[in-house]
Amino acid sequence: MDGHFSENDVSGIVEADRSHIWHHLSQHKPYESTDPRVIIEGRGLYVWDQHGKKHLDAVSGGVWTVNVGYGRESIANVVRDQLVKLNYFAGVAGSIPGALFGQKIIEKMPGMSRVYYCNTGSEANEKAFKMVRQIAHAKYGGNKWKILYRDRDYHGTTLGALSAGGQDERNAQYGPFAPGFVRVPHCLEYRKHEQDGAPDVYYGEWAADQIEQVILNEGPDTVGALCLEPLTAGGGVIPPPEGYWDRVQDICQKYEILLHIDEVVCGVGRTGVWFGYQNYGVQPDMVTMAKGVASGYAAIACLVTTEDVFEKFKDNPDDKLNYFRDISTFGGCTSGPAAALENMRIIEDENLLQNTTDMGRRLMDNLYALKEKHSVIGDVRGAGLFCGAELVVDRTTREPVDETMAQAVVADCMEQGVIIGVTNRSLPGKNNTLCFSPALTVTPDEVDRITDVVDGALYRLFSASC
Ligand SMILES: Cc1ncc(COP(=O)(O)O)c(C=O)c1O
C-alpha cells in the first residue's frame, strides 16, 4: 500500500465495477475469478490502483492521452471557473474558450484556418468524411466520393470510421461497412518482405506510389480524399519511411485529392512538434485531433480545415444545402476548449516539446540498447515520446512472437509497477509491438526505469533466446 493514497475508501467499488461495468476492448470472463483493475488516483506520471499500488504509467492513460500528466490543478481550476460561468451552449453560437483555443491552435498550424469542435477522434473523422462526401456532391456532380485509407491505420470505432479501418481484427464481425472506402498498402519498411515488389532502396517512394496505383485503378475522378495517420499508432507504431510524405503530397496535388491527416494520437506534442505531420513538411487540407488536445481533462476533439475547404461550404448562400449541415451536441461544452487552452499553456511554459524530443531520444537509445541484448526485439521505431518495439521469434524470418508472449511482457512490467502497452486486437497474427508513450513531462530517471523494467521482463520471459 502506498502511504500517500491509502486514505481512499474503495470498499464496494470493485464489486460494483465487476457487477455493472462493461470495460472497453475487454474479455470479461477472467473477471469472474480475478478482480478488475480500478484506477483511483493519479499524480504526474503515476497512478494508484484499488490496492494502493503505485504504477508508473508509460502509456499516458493507456491510449496516448494524458500528455501533461495527472493531477494538474490549474486545468481543473480553469475548467471549474468556466463551468460556473457558462458550461454549455450549442455550437451555432461561439464561446470565449472556444474562440481563444481556436485562435491558439491555428497559430500552431500554418496554412490551416478553421476549427470544428466535437468530442471524440471517431467523431472528428466522421465529420471529415462527411465534408468529403458533401464536396463530392456539391462540386463534382457526385464524383470524387471515395475515401482512401491505409492498411494498419485506425480512425475510430463508429461504423463510418471502421469503414476506413485498416486493422482487420478491429473490424472483424462489425461489417458490412459503408461503401466508397478503399484501402491502400501500409508503409512499414520492416515488413516490406511481405509486400510484393517492394524494393531494397527508395522504399518510401515505392510505398507512396502504391497509393497512386490504387487511385489509378479506382479512377482519379472518383477519389475525393486520402486519410492517413501521420505516423501509424495502434497499427504498430510506424513512422513513415524517408521520401514517403513528399511523394504522398505530390500525388494528392496531382489528382486533386484532399489530404486528411488523423492526428488523434500524434496531435499536440506527442512527437516533439505540435503535430506529427510537421515532422515531414507536409501540408494537409484537413486535420483531426482528440486525445492529447486536453490531456483527458475534458472530452474535446477538433476537425481543422484550410480556408479553401471552408470556403466550399459558404460560396453559394442561395443554395439551402450549401453549408456543413452537421451538429455535435457536446461540441458545445466549454470545458473542452477551456481545458485545451490551459493544456497548451502548460506545454509552452514548461517547454514540453523540447522535453519530448530529449526524452524521446533517450527512450529510443534505451530501446536500441535493449535490442542489442535481446534478440526477441526485431525492430525499434518511434519519434518523440511515441515509441515501439516489435517482438519477433526469429530476426531473419521476422516471424512475430505469439501475442500471448507480447502480452506476458506487459503483464510482467505491470507486476513491476510499470504500465506499458501492446498493439491490441489490431492485426491478425501481428499484435506483437510493445508501445511506449509516457507523459511529455517524463524525466530521465523515469525513462530509464521504464526500459529497466522491460529489460527484466524480457530476461524472465525470453532468457533462452537472449
Ligand atoms: C489514430 C486514431 N484515430 C482515431 C481514433 C478514435 O478516437 P476516439 O477513441 O476518441 O474516438 C483513435 C483511437 O485510438 C486513433 O488512435
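Rules used throughout
- Residues numbered from 1 in each chain as written.
- Predicted model: local features only at pLDDT ≥ 70, side-chain atom pairs only at ≥ 80, totals over all residues.
- Helix = DSSP H or I, 4+ residues; strand = E, 2+ residues; numbered from the N terminus.
- Buried ≥ 20, exposed ≤ 12 C-beta atoms within 10 Å, placed from the backbone.
- Contact = placed C-beta atoms within 7 Å.
- Core = buried A, V, L, I, M, F, W, Y, C linked by C-beta atoms within 7 Å.
- Domains from an automatic or database assignment.
- Near = placed C-beta within 6 Å.
- Nonpolar A, V, L, I, M, F, W, Y, C, P; charged D, E, K, R; others polar.
- Axes fitted to C-alpha atoms, helices over the stretch in contact; angles between N-to-C directions.
- Parallel < 35°, antiparallel > 145°, perpendicular 65-115°, else oblique.
- Left-handed = near helix turned anticlockwise from the far one by under 90°.

J.: Explain the environment of glycine 382 here, please?
T.: Secondary-structure assignment places glycine 382 in strand β11 (residues 377-383). The buried category is assigned to glycine 382, around which 22 C-beta atoms lie within 10 Å. With 144 residues separating them in the primary sequence, glycine 382 and isoleucine 238 have C-alpha atoms 7.0 Å apart. When neighbours within four sequence positions are excluded, glycine 382 is seen to be in contact with Val237, Pro239, Gly360, Met364, Cys387 and Gly388.

J.: Which parts of the structure should I look at to understand the nonpolar core?
T.: Grouped burial of nonpolar side chains is what soluble globular proteins tend to show. If you look at the biggest cluster of nonpolar residues, it comprises 124 residues, and the most contacted ones within it are Cys302, Ala339 and Ile420. When residues of this core are assigned to their parent elements, the largest contribution, seven residues, is made by helix α14 (residues 444-462). Counting the residues that make up this core, at least three belong to each of domain 1 (3-68 + 351-465) and domain 2 (74-349). If near-sequence neighbours (up to four positions away) are discounted, cysteine 302 is found in contact with Ile105, Val115, Tyr116, Tyr117, Ala124, Met289 and Val293.

J.: Help me understand the environment of arginine 425, please; the structure alone is not making it clear to me.
T.: If you trace the backbone, arginine 425 turns up in the loop between β15 (421-422) and β16 (433-436). As a C-alpha pair, arginine 425 and valine 47 span 378 residues in sequence and 25 Å in three-dimensional space. In this structure arginine 425 touches Leu25, Glu169, Arg170 and Asn431, once residues within four positions along its chain are discounted.

J.: Quick question: what am I supposed to make of the site of the ligand here?
T.: The environment of the ligand is made up of 16 residues, and the closest members are Thr120, Gly121, Ser122, Gly156 and Val264. Looking at the shell around the ligand residue by residue, the class counts come to six nonpolar, eight polar and two charged.

J.: Help me out: how do you make sense of the packing of helix α13 (residues 403-415) against α14 in this one?
T.: Interaxial distance between α13 and α14 falls to 9 Å at its minimum, and their mutual angle equals 130 degrees. Relative to α14, α13 is oriented oblique. Of the two elements, α13 crosses α14, and the hand of that crossing is right-handed. Each of Met405, Ala408, Val409, Asp412 and Cys413 in α13 lies in contact with α14, whose residues at this interface are Val453, Val454, Ala457, Leu458, Arg460 and Leu461. Residue composition of the contact of α13 with α14, grouped by class: nine nonpolar, no polar and two charged.

J.: How should I be thinking about unusual backbone geometry in this particular structure?
T.: Negative phi characterises most residues that are not glycine, and trans characterises most peptide bonds. Here glycine 175 and proline 176 are connected by a cis peptide whose omega angle stands at 0 degrees. Inspection of the secondary structure assignment puts proline 176 in the loop between α7 (168-171) and β6 (181-184). Backbone geometry at serine 60 places phi at a positive 50 degrees, although glycine is not the residue there. Inspection of the secondary structure assignment puts serine 60 in helix α2 (residues 60-64). Its 29 C-beta neighbours within 10 Å are what place serine 60 among the buried residues. One non-glycine residue, tyrosine 202, lies in positive phi territory at about 55 degrees. Judged by local crowding, tyrosine 202 falls into the partly exposed class, with 13 C-beta atoms found within 10 Å.

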